[in-house]
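Chains, contacts and geometry: an overview
One-letter residues, chain by chain:
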Amino acid sequence: MRVSTLSAWLIPCGLLGILLAACSGGSSGENTPLATDSATIATGKILFNRHCAGCHNFRQDGIGPKLGGITAELSARQIARLIQQPEKLLQSGDTRWADLRKRFKTTMPSFSGLSDQEVHAIVAFLNIHQSRGRTLVEVADKGLADPIPAKIGLSDEVMNLQFVAQIPPSSPTGQPPLARITKLDYSPGSGQLFVNDLRGKLYKLVQGKPVVYMDLARLRPHFVAEPGLATGFGSFAFHPDFRRNGLFYTTHSEAPGSAKADFSYADSIDVTLQWVLTEWKATNPQADTFSGTSRELLRIDFVSGIHGMQEIAFNPRAKAGGPDYGLLYVAVGDGGSVENGYPFLPHNRNHAWGTILRIDPAGRTSRNGQYGIPPTNPFAHGGYHEYLGEIYAYGFRNPHRLTWTHDGRLLVSNVGQHNIEGIYQADPGSDAGWPVREGPFRVNPEGNLDYVYPLPANDSMYHFNYPVAMYDHDEGSAICGGFEYLGPGRPDQFLFGDIPSGRLFGFDLKNSQPATPATIWEWRVSLDGKTRSLKDITGSDRVDLHFGRGSRGELYLLTKADGKIYRITGPGK
């Protein structure tokens, strides 16, 4: 291996450890001729987009390291081992693998279900992407070494957990995540709990037992749930008058080209996925299984399989007849467009990517005639550039979750790139700044997204909306949106967490304002009388934590690793 040449490229992104570990015991004799025919490469592209693009690209580090030029350093057989048996790296005891895991705060899942022919096609596709390298200036200028030096302190607060339900496993291999449960919500009026599995099912909890209410994967023939992470059955939301009108809404991903998109971009940019927002009308809103009709509201093309249509929600505090009642909020990520080299797609009031949309499902004033644009939206009346009237707020990378506080504030949990995880107060027309800002720090969208820099002296002229609370990647790697705690013991507290690690955080809502972030503290949980970490409870190094809320304000924790749901019953002793 050309280590002297490789070091300037690989060491900064942390890939060297994984490559050397993968190479242990290998030899140059392992080289297998790489396919160069267009059919194999095309198949490899499809497989890469389906299984790999959620974590890797060829330009920037993402959830995992970038892969441009990897076939120049490893043989096809070595890369195949890395794809099919990554768990052996963990078992090897090689400290370089531990260093890589520490940097990216996650581990690569096994793709042992892929055939040798499929892996060969993926490697052929990897081979056409050679590294551009990084200039000496980029390598030397690493920005801020520690954007938030202060560490999160451990509170003495312990919350009791009560086991609620085990969701049926949907993992085809039996490996974590056992069930890709991401949202728990209730139907207005009845208060009955529902939870979705990204792999396609919506469950209704009936006397503590999950019953399949809807099989979205069966109802939508173009449904896809790969690449993993956040594709598939993304979110659901019940109309506030669901008990009478039977209306509810879902988002899901489909294969590219399944239908004409309402929001797209130049055809020179590939489409990896489409996300679809659907309205459903239940014949009997009280039934335990769905039957009824549906119609598509809108469809959006995405550059990659990450940061799609993350959350849909109605404001639960809006009153009938009020200006926000019955309006649906849609959180749309940047689709990985920035790290794939298209920073001009988000942070643009003419585009849907990286925004919170607000629409009226009962209206018909949209361009496609399937929904309405509320006249109270900040850009509803266009402007010099004919801004999208659907936009409520913009400048987000991955607006993962939405929630409203008792005093009416809309809070958005935004997953960052490589430095800042933040909770934002989204006001009408506000701009969170991505991709020129990550939290209250400057980013170079055309450069290396690993690094953030101090704000310029004239920053106030841009009027960016900065987080009310945030943490950096010394503490975690992907924020999990939570809720205001309404139970005993901690009034005016907001509880949330970190998705992969399962760490649990909170902050005081009274002391949180944009640009003056609140102090975050860490809390713990007790199950069966024993204080334990969620990693210990799930038995997994990756917890995949999510939060839910019931009709009386009670909070729930969902752990994808083992497919379980717990209710927070209150402070422990």
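Quick look at the structure, then. (Residues numbered from 1 in each chain as written. Predicted model: local features only at pLDDT ≥ 70, side-chain atom pairs only at ≥ 80, totals over all residues. Heavy atoms only, no water.)

**Brief notes about the nonpolar core**
Grouped together as the largest cluster of nonpolar side chains are 37 residues, with contacts concentrated most on Leu161, Phe496, Phe507, Trp523, Leu534 and Leu557. Among the elements that make up this core, the one with the highest residue count is strand β21 (residues 520-527) (five residues). In contact with Leu161, other than residues within four places in its own chain, are Val525, Ser526, Leu527, Leu534, Ile537, Leu557, Tyr566, Arg567 and Ile568. Core analysis: the second largest hydrophobic core is formed by 31 residues, Phe314, Val332, Trp353 and Ile359 among them. (Core = buried A, V, L, I, M, F, W, Y, C linked by side-chain atoms within 4.5 Å. Buried < 20%, exposed > 50% of the residue type's maximum accessible area, 1.4 Å probe, protein only. Helix = DSSP H or I, 4+ residues; strand = E, 2+ residues; numbered from the N terminus. Contact = heavy atoms within 4.5 Å.)

**Topic: the layout of surface pockets**
Roughly 600 Å³ of internal volume is contained in the second largest pocket. Taken together, 31 residues line the second largest pocket, and the ones lying closest to its centre are Asp185, Tyr186, Phe314, Pro316 and Arg549. For the lining of the second largest pocket, the secondary structure elements donating two or more residues are β2 (181-186), β6 (233-238), β10 (309-314), β14 (399-404), β18 (479-485) and β23 (545-549). Of the residues that constitute the lining of the second largest pocket, the class distribution is 16 nonpolar, eight polar and seven charged. (1 Å grid on protein atoms, 1.4 Å probe; cavity = no way out; pocket = protein on both sides within 12 Å on 5 of 7 lines; lining within 4 Å. Points joined across faces, edges and corners; volume = space filled by probe spheres on them. Nonpolar A, V, L, I, M, F, W, Y, C, P; charged D, E, K, R; others polar.)

**Notes on empty space enclosed by the protein**
Applying the stated criterion across every chain yields a total of one cavity of 30 Å³ or more. In this model, the largest cavity occupies a volume close to 70 Å³. Surrounding the largest cavity, 13 residues form its lining, Asn414, Tyr424, Arg437, Glu438 and Gly439 being those nearest its centre. Ranked by residue count, the leading element in the lining of the largest cavity is strand β16 (residues 420-425), at three residues.

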